[in-house]
Amino acid sequence: MIAGVQQLTHLSKIGLGIYTKKRAFCGPLWVQIGVSNRCNYRCVMCWDHPTFVPKDDPYPDSITSKYYRNNPGIDRSSKVMDFALFTKTIEDLHAVGTRRVDLVGRGEPFLNEDLMQMVAFVKGKGMYCSISTNGSLLTEQALSRLVGEGLDQLIVSLNTGRPETYGKIHTSEDATTFFRIKEALVGLNQLKVGKESAGPIVTLSFVLCKSNFREVGEMVGLAQEVGAKQAIFKHAVLYDGISFLGLTEEEKGELDRALIEAEQAAARSGLEMKLDPPIGSFLPGSVGPPSPMEVYGKIPCTIGWLFALITADGTVLPCCHCFSAMGNVEEESFARIWRSEPYERFRDNAILLPNSGKPVPTCRCDVCTFTKFNLSVHNHLHPFRRKVFYPGQREYNPAQLLSSLVLKRTARGPKRGRPR
Ligand code: SF4
Ligand code: SF4
């Protein structure tokens, strides 16, 4: 109850900051922490560890290489976040009201050997915790520990519904890994039986490209088979060097029709499908999804009040497509960085996007993946100035998001003291 009131107050303060276009009156709603730059995979659509760049070569002039170029001190291939820095960061975030932490990576989070203790620490603070993983290191022992620690959500990138395609996308792997991950996820359901928190919920993620777009039906079937709650479908971001993965207009239409069918099948079993771009965008007669800069010609970006990204070396970035460091949590507190002059300037630039018509300096707003999120925030805060870009536009439901992801689950999650 008290946690619920605190979160509602927090959300109101965020809303007030955005609405008045003033400073941030409290910390972000949720934060992603990159606990590992190291990765054991090489995937065709990856911009951090792409298959076409030999391990020791300089990275191409594509999206995230700009970040690494501006941060030459960071080791892109092997850096993992120290546990001491992690716990300090969580303490900082908790103090400013943040209650959701996603453990992600520019690599594979399970390659950080402190991952389990990190989950335990976050849950010990009563915060919502998720992990995004390629699934390759999901052993029964690891899953059992995660269930015990009260992990809330496990997001697994499978990117295929067919074993024979697995190795075409994850080029370092083959069908054996696909079967092993599937078996582990099926086994997770047994591990959860009778446990207090009933978590983690499982989300399967599929990045769609030339190699797998005809497998949508099987992807939904796979999600149902392993007992996933959600399936996320996204088009691959075609950065430099992987344009060959793009779909023709005709193929996009074919994909859309398959997604419509798959969504009906998913609904019958209660599987929630999340689609980006929205379904139907490429059907004949549709004008297609708006480009990010079209969207930001009409609405501002409010990410600077809601979200932050912290990389393995402690660098704080405002979003996944911005490369100018706001500060480093190893050197100063998150609260200080969050209220710093560079962050205030970032918020000013982002909120003025519709006026400037240009991307925020040092950000790739032209490939932004937060458009749907920003659109929802705008439409909820301005019900009489709603923006609708396509028929059937769906938005996040903030009440549902808050109650399902933050309030109820953290309130009933395991309560424990300091992690061991
Ligand atoms: S698993 Fe993730 S980080 Fe690793 S290569 Fe694949 S997409 Fe990149
Ligand atoms: S890329 Fe630009 S528009 Fe998108 S979230 Fe970042 S700052 Fe905002």
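In what follows, the structure referred to is the one given above.
Summarised in this report is the structure supplied together with it. Model, not experiment: these values are computed from the prediction.

**Looking at the overall build of the chain**
- Within the chain, the secondary structure is distributed over 16 helices and 10 strands.
- Split into buried and exposed, the 420 residues of the chain put 45% on the buried side.
- The contacts in the chain between residues at least 6 apart in sequence include a share of 75% that link residues at least 24 apart.

**Observations concerning the packing of helix H3 (residues 83-95) against helix H4 (residues 115-124)**
- Relative to each other, H3 and H4 sit at 15°, their axes nearing to 10 Å. Judged by the angle between their axes, H3 and H4 are roughly parallel. In this structure, the crossing between H3 and H4 has a hand that is right-handed. Of H4, the residues touching H3 (which contributes Phe83, Phe86, Thr87 and Ile90) are Gln117, Met118, Phe121 and Val122.
- Among the residues forming the contact of H3 with H4, the class breakdown is six nonpolar, two polar and no charged.

**Overview of the packing of H4 against helix H5 (residues 140-149)**
- Look at H4 against H5: their axes get within 9 Å of each other, and the N-to-C directions meet at 10°. The angle between H4 and H5 falls in the class roughly parallel. At the point where H4 passes H5, the crossing takes the right-handed sense. For the pair H4 and H5, contact is made by Met116, Val119, Ala120 and Lys123 and by Arg145, Leu146 and Glu149, respectively.
- Grouping the constituent residues of the contact of H4 with H5 by class yields four nonpolar, no polar and three charged.

**Details of unusual backbone geometry**
- Positive phi, close to 60°, is recorded for Asn159, a residue that is not glycine.
- Tracing the backbone shows Asn159 in the loop between strand S4 (153-157) and helix H6 (163-169).
- The backbone of Thr362 shows a phi angle near 65°, a positive value even though the residue is not glycine.
- Inspection of the secondary structure assignment puts Thr362 in the loop between helix H14 (353-356) and helix H15 (371-381).

**So, the pairing of strand S2 (residues 100-105)**
- The buried fraction of S2 amounts to six of the six residues, a majority that puts the element mostly inside the structure.
- Burial along S2 is two-sided: the face carrying Arg100, Asp102 and Val104 and the face carrying Val101, Leu103 and Gly105 are both buried.
- The pairing of strand S1 (residues 30-36) with S2 spans six bridges and is parallel. Residue pairing for S2: Ile33 is matched across the bridge by Leu103.
- Where S2 lies against strand S3 (residues 128-133), four bridges are found, and the strand directions are parallel. For Leu103, the partnering residue across the bridge sits in S3 and is Ile131.

**Considerations on the site of ligand 2**
- Residues in close proximity to ligand 2 total 13 residues, the closest being Cys301, Cys319, His321, Cys365 and Cys368.
- Residue classes in the shell around ligand 2 are distributed as 11 nonpolar, one polar and one charged.

**Regarding the environment of Thr371**
- Examined against the element boundaries, Thr371 turns out to sit in helix H15.
- The exposure class of Thr371 is buried, given the 22 C-beta atoms found within 10 Å.
- For the pair Thr371 and Pro292, spaced 79 residues apart in the sequence, the C-alpha separation amounts to 6.2 Å.
- For Thr371, the residues in contact, after removing those within four places along its chain, are Pro292 and Val295.

**Details of helix H8 (residues 216-225)**
- Every buried residue of H8 is listed here: Val216, Met219, Val220, Leu222 and Ala223. Looking straight down H8, one finds its buried side chains confined to an arc of 160°; they lie on one side.
- Here the buried face of H8 lies against strand S5 (201-208), strand S6 (230-235) and helix H9 (249-269).
- Looking one or two places after H8, you find Gly227, whose phi comes out positive at around 80°.

**Some remarks on the sheet that holds S2**
- Taking strand neighbours across the sheet as the criterion, the 10 strands line up as S7-S6-S5-S4-S3-S2-S1-S8-S9-S10 in an open arrangement whose pairing is mixed. Every interior strand has two partners, whereas the edge strands, strand S7 (272-276) and strand S10 (327-328), have only one.
- Both S5 and S6 contribute to a ladder of six bridges, which runs parallel. Residue pairing for S6: Leu208 is matched across the bridge by His235.

**Regarding the pairing of S6**
- Side chains Ala231, Phe233 and His235 of S6 all project onto a buried face; the interleaved residues Gln230, Ile232 and Lys234 project onto a face where none is buried.
- With respect to chirality, the unit in which S5 leads through H8 into the neighbouring parallel S6 is right-handed.
- Bridge count for S6 against S7 is five bridges, and the pairing is parallel. Across the sheet, residue Ile232 finds its bridge partner in S7, namely Lys274.

**Quick look at the environment of Met118**
- Take Met118: it is sitting in helix H4.
- Separated by 15 residues in sequence, Met118 and Leu103 place their C-alpha atoms 8.8 Å apart.
- Setting aside residues no more than four positions away along its own chain, Met118 makes contact with Val35, Phe86 and Leu103.

**Describing helix H13 (residues 341-351)**
- Listed as buried for H13 are Tyr343, Phe346, Arg347, Asn349 and Ala350. Seen along its axis, H13 keeps its buried residues to an arc of 165°; they face one direction. Facing away from the buried side of H13, by more than 90 degrees, are the exposed residues Glu341 and Asp348.
- Looking at the buried residues of H13, the elements they touch are helix H11 (303-306), helix H12 (334-338) and H14.

Conventions we followed
- Residues numbered from 1 in each chain as written.
- Chains lettered and ligands numbered in written order.
- Predicted model: local features only at pLDDT ≥ 70, side-chain atom pairs only at ≥ 80, totals over all residues.
- Helix = DSSP H or I, 4+ residues; strand = E, 2+ residues; numbered from the N terminus.
- Buried ≥ 20, exposed ≤ 12 C-beta atoms within 10 Å, placed from the backbone.
- Contact = placed C-beta atoms within 7 Å.
- Axes fitted to C-alpha atoms, helices over the stretch in contact; angles between N-to-C directions.
- Parallel < 35°, antiparallel > 145°, perpendicular 65-115°, else oblique.
- Left-handed = near helix turned anticlockwise from the far one by under 90°.
- Nonpolar A, V, L, I, M, F, W, Y, C, P; charged D, E, K, R; others polar.
- Pairing = 2+ DSSP bridges.
- Near = placed C-beta within 6 Å.
- Arc of directions from axis to C-beta.
- Right-handed = clockwise from strand over helix to strand, strands pointing away.

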